[in-house]
Structure formats: C-alpha cells, structure tokens
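Architecture and fold: a report
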Amino acid sequence: MGQIDQAIERHKEAIELAKTRNLKELEGEQHCLIAMAYLELQDLSNAKTSCEQAITVFNNANLESDLKKAQELFMTINSAMT
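First things first, this report covers the structure right here in the doc. Everything quoted here is computed from the prediction, not taken from an experiment.

**What to know about the pattern of salt bridges**
For the structure shown, the criterion picks out 4 salt bridges. For Glu9, the salt bridge identified is with Lys12, shortest N-O distance 3.9 Å. Note that Glu9 and Lys12 are positioned in helix H1 (residues 2-20) at a spacing of 3 residues, about one turn of the helix.

Shown next as structure tokens:
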C-alpha cells in the first residue's frame, strides 16, 4: 500500500510539471494513472475524480484516442462502484 501511495504522489508531481510545460497528453495520462492506483486501493471516489479530471484534460485538448481510453477507465470505475 505504501508503494501505491508514493506512486500517487509522484504522479501528482508529474501533473504539475506537465501543466507548467503545457503537456496535455502527459497531464491526462498522469490523472489516469492516479485513477488506476486509487482503483487498486479500492478508493473508488478518488479514482472517479481523477478519471474525470483526465477526461476533462483530454476533451479540452481534443485528444480523441486518449479520451476514449479514459472513458473506458471511467466505466470500469463505475462498474466497481456498483
């Protein structure tokens, strides 16, 4: 569990770096990785929030293939919530 928590922190740092460099694809990917980490921890609320952030980034940047992958992850998270 400690390793996943550390990974989440590193991904959050990567998001900030991606934002400063305007790397939208990397920013969205990091949100997805955080969502997957939270999913692994069964923290579904945070997983959903992180995935929604990824969807927003990809949608605003017109990154269609990444958007579709994030939407699939979102469906997986929603399925786990039921």
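Read on for the rest.
**As for the nonpolar core**
Ranked by size, the top nonpolar core spans 19 residues in total, and within it Cys51, Leu73 and Ile77 carry the most contacts. Counting residues per element, the ones that place at least two in this core are H1, helix H2 (24-40), helix H3 (44-60) and helix H4 (64-81). Those residues in contact with Ile77 that lie beyond four places of it in its chain are Ala35, Leu39, Leu44, Ala47, Lys48 and Cys51.

What counts as what
- Along each chain, residue indices are assigned from 1 in the same order as the chain's sequence is written.
- With the structure being a predicted model, the display of local features is reserved for residues of pLDDT at least 70 and the display and counting of side-chain atom pairs for 80 or more, all residues being used for whole-chain, interface and lining totals.
- Hydrogen atoms and water are omitted, and side-chain values are computed over all heavy atoms in the structure.
- Should a side-chain nitrogen of Lys or Arg be within 4 Å of a carboxyl oxygen of Asp or Glu, the pair is scored as a salt bridge.
- Starting at the N terminus, helices and strands are each numbered in turn, a helix being any DSSP run of H or I of at least four residues and a strand any DSSP run of E of at least two.
- For our purposes a nonpolar core is just a set of buried Ala, Val, Leu, Ile, Met, Phe, Trp, Tyr and Cys residues, chained together by side-chain atoms within 4.5 Å.
- Between buried and exposed lies partly exposed: a residue is buried under 20% and exposed over 50% of the maximum accessible area for its type, with that area taken using a 1.4 Å probe on protein chains only.
- Residue contacts are defined here by distance: any two heavy atoms, one from each residue, within 4.5 Å place the two residues in contact.

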